[in-house]
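Residue-level structure breakdown
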Amino acid sequence: MRKSKTLARIRNNETVRMCCLGHFVPAFVKFAAHFGFDCIWLDMEHRNITDRDVQTLLVHSHLHDIDIMVRPPTLEKTRLYRYLEDGAAGLMIPHVNTAERTAALVDAVKFPPLGDRGLDGAGLDADYFVHGMEGVETFLDSANQETFLVVQVETPEAIANIDRIAATPGLDGIFVGPGDLGLRIRRTKTDLTLDAAFEKVAAACVRHGVAWGTPVGTPEDLAKRQAQGAQLLNHGGDCGGMLNNLRTSAQT
């Protein structure tokens with residue numbers, strides 16, 4: 001199966017260069033790969049992309065050798081691992097507040113002994129069964145090592161549970177969602193601050209050997225999070241790129 005650039009970067013203690021895609025634009029996959037990105041965050045929590053279009057984008061990611069991390073609109077077990085069968089390098093699950101939910105997600109998307117993912121062996125991830133059962137056995141040997149699970153922490157509850165979440169066997173990464181987390185900090189009675197939340201996540205991930213990250217908006221923000229140890233850093237995407245391009249064009 002294809003090797004994950006995201007996991008290779010994490011294992012080498014390097015920054016994963018990530019950008020976000022929320023629409024069906026196959027050319028974006030080529031553009032991102034061409035400009036040296038390692039991973040595309042495909043957002044389906046807030047965007048509507050059909051299953052067939054997702055499959056097409058995932059095929060393009062294999063063609064151009066770039067990871068796609070799907071943020072799915074569901075927690076249904078079979079749908080989650082079907083994204084992996086269709087070629088996703090990883091999954092990022094939003095609004096994960098507890099270690100119990102994290103463990104259930106590991107169970108859904110990892111093969112034994114880590115989890116209980118169902119085996120097909122005829123998807124893009126296993127080369128469509130062209131090598132028969134021998135190919136499936138080879139695929140099983142590497143599947144858990146070359147696909148990744150990231151959970152998003154976006155509430156004060158998640159931050160309170162961050163040490164137990166980070167300690168979950170089979171978890172590969174934690175992603176701080178500053179938009180939702182900041183919203184909940186502002187609108188609930190809590191002493192938590194965003195800065196403190198980032199510090200708690202960074203410390204827990206160091207303790208348990210888990211990668212972490214967040215979206216960043218500027219080079220200065222990128223450097224700040226790198227200094228805290230973040231590796232999964234999203235900078236850029238289709239929505240912001242189109243807005244900036246049109247804003248610049250309108251001013252000329």
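Each remark here, short or long, concerns the structure printed above.
Here goes a summary of the coordinates provided. Every value quoted in this text rests on a predicted model; they were computed, and no experiment measured them.

Moving on, we come to the overall build of the protein chain. Helix and strand counts for the protein chain stand at twelve helices and eight strands. Against the globule reference of 18 Å for 252 residues, the protein chain gives a C-alpha radius of gyration of 18 Å, in line with a compact fold. Residues classed as buried in the protein chain amount to 47% of the 252 residues present. For the protein chain, long-range pairs separated by at least 24 residues make up 64% of all intrachain contacts whose partners lie at least 6 apart in sequence. Separation between the mean location of the 26 positive side-chain charges and that of the 32 negative ones in the protein chain comes to 6 Å.

Time to look at the pairing of strand S4 (residues 90-93). Neither face of S4 is left uncovered, since the one carrying Gly-90 and Met-92 and the one carrying Leu-91 and Ile-93 both have all their residues buried. Sheet topology note: the strand S3 (residues 67-71)/S4 ladder contains two bridges and is parallel. Each bridged residue has a counterpart across the sheet, and for Met-69 the counterpart in S4 is Gly-90. Remark: the S3/helix H4 (residues 77-85)/S4 crossover connection has right-handed handedness. Inspection of the sheet shows S4 paired to strand S5 (residues 148-153) by four bridges, in the parallel sense. The residue of S5 that forms the bridge with Met-92 is Val-150.

Next up on the list: a nonpolar patch on the surface. Taken together, the side chains of Val-59, Tyr-128 and Val-130 make up a nonpolar region of the molecular surface, amounting to roughly 300 Å² of accessible area. Note on placement: Val-59 falls in helix H3 (residues 51-63).

The subject of this paragraph is the packing of H4 against helix H5 (residues 99-109). At a closest axis distance of 8 Å, the pairing of H4 and H5 adopts a crossing angle of 55 degrees. In terms of orientation, H4 and H5 fall into the oblique class. For the element pair H4 and H5, the recorded crossing hand is right-handed. Between H4 and H5, the residues in contact are Lys-77, Leu-80, Tyr-81 and Leu-84 and Leu-105, Asp-107, Ala-108 and Val-109, respectively. Taken together, the residues of the contact of H4 with H5 break down into six nonpolar, no polar and two charged.

Core analysis: the biggest nonpolar cluster contains 52 residues, and Ile-40, Leu-42, Val-70, Val-153, Ile-174, Val-201 and Trp-212 have the highest contact counts within it. Looking at this core element by element, the count peaks at six residues for helix H10 (residues 194-208). Not counting chain neighbours up to four residues away, the residues in contact with Val-153 comprise Val-96, Ala-158, Ile-159, Ile-162, Ile-165, Ile-174, Phe-175, Val-176, Gly-177 and Val-201. With 15 residues, the next largest nonpolar core counts Ile-10, Val-16, Cys-39 and Ala-89 among its residues.

What follows covers the packing of aromatic side chains. For any pair of aromatic rings, geometry is given as the distance between the ring centres together with the angle between the planes. Within the structure shown, the criterion is met by three aromatic pairs. Seen in terms of ring centroids, Phe-111 and Phe-139 are 5.8 Å apart; in terms of plane orientation they differ by 85 degrees. Their pairing is edge-to-face. Placement of the pair is Phe-111 in the loop between H5 and helix H6 (132-146) and Phe-139 in helix H6, with a sequence separation of 28 residues. Taking the relative accessible area as the measure of exposure, Phe-111 reaches 4% and is therefore buried. Residue classification places Phe-139 among the buried residues on the basis of a relative accessible area of 4%. Taking the centre distance of 6.1 Å and the plane angle of 50 degrees together, the rings of Phe-198 and Trp-212 count as tilted. With a gap of 14 residues between them, Phe-198 in helix H10 and Trp-212 in strand S7 (residues 211-215) connect regions that are remote in the sequence. With respect to burial, Phe-198 and Trp-212 carry one shared label: buried. In this structure, Arg-17 packs its charged tip against the face of Phe-37, placed 4.6 Å from the ring centre. When the ring centre of Phe-198 is taken as origin, the NZ or CZ atom of Arg-225, which lies over that ring, is 3.6 Å away.

Conventions adopted
Residues numbered from 1 in each chain as written. Predicted model: local features only at pLDDT ≥ 70, side-chain atom pairs only at ≥ 80, totals over all residues. Heavy atoms only, no water. Helix = DSSP H or I, 4+ residues; strand = E, 2+ residues; numbered from the N terminus. Rg over C-alpha atoms; globule rule 2.2 N^0.38 Å. Buried < 20%, exposed > 50% of the residue type's maximum accessible area, 1.4 Å probe, protein only. Contact = heavy atoms within 4.5 Å. Lys, Arg positive; Asp, Glu negative; His and termini not counted. Charge placed at Lys NZ, Arg CZ, Asp CG, Glu CD. Pairing = 2+ DSSP bridges. Right-handed = clockwise from strand over helix to strand, strands pointing away. Patch = residues over 30% accessible without salt bridge, like charges linked within 9 Å, V, L, I, M, F, W, Y side chains within 5 Å. Areas by Shrake-Rupley, 256 points an atom, 1.4 Å probe, with all protein chains shown as cover. Salt bridge = Lys/Arg side-chain N within 4 Å of Asp/Glu carboxyl O. Axes fitted to C-alpha atoms, helices over the stretch in contact; angles between N-to-C directions. Parallel < 35°, antiparallel > 145°, perpendicular 65-115°, else oblique. Left-handed = near helix turned anticlockwise from the far one by under 90°. Nonpolar A, V, L, I, M, F, W, Y, C, P; charged D, E, K, R; others polar. Core = buried A, V, L, I, M, F, W, Y, C linked by side-chain atoms within 4.5 Å. Phe/Tyr/Trp six-rings, centres within 6.5 Å; stacked < 30°, edge-to-face > 60°. Lys NZ or Arg CZ within 6 Å of the ring centre and 35° of its normal.

Any link to function would need more than the numbers given here.
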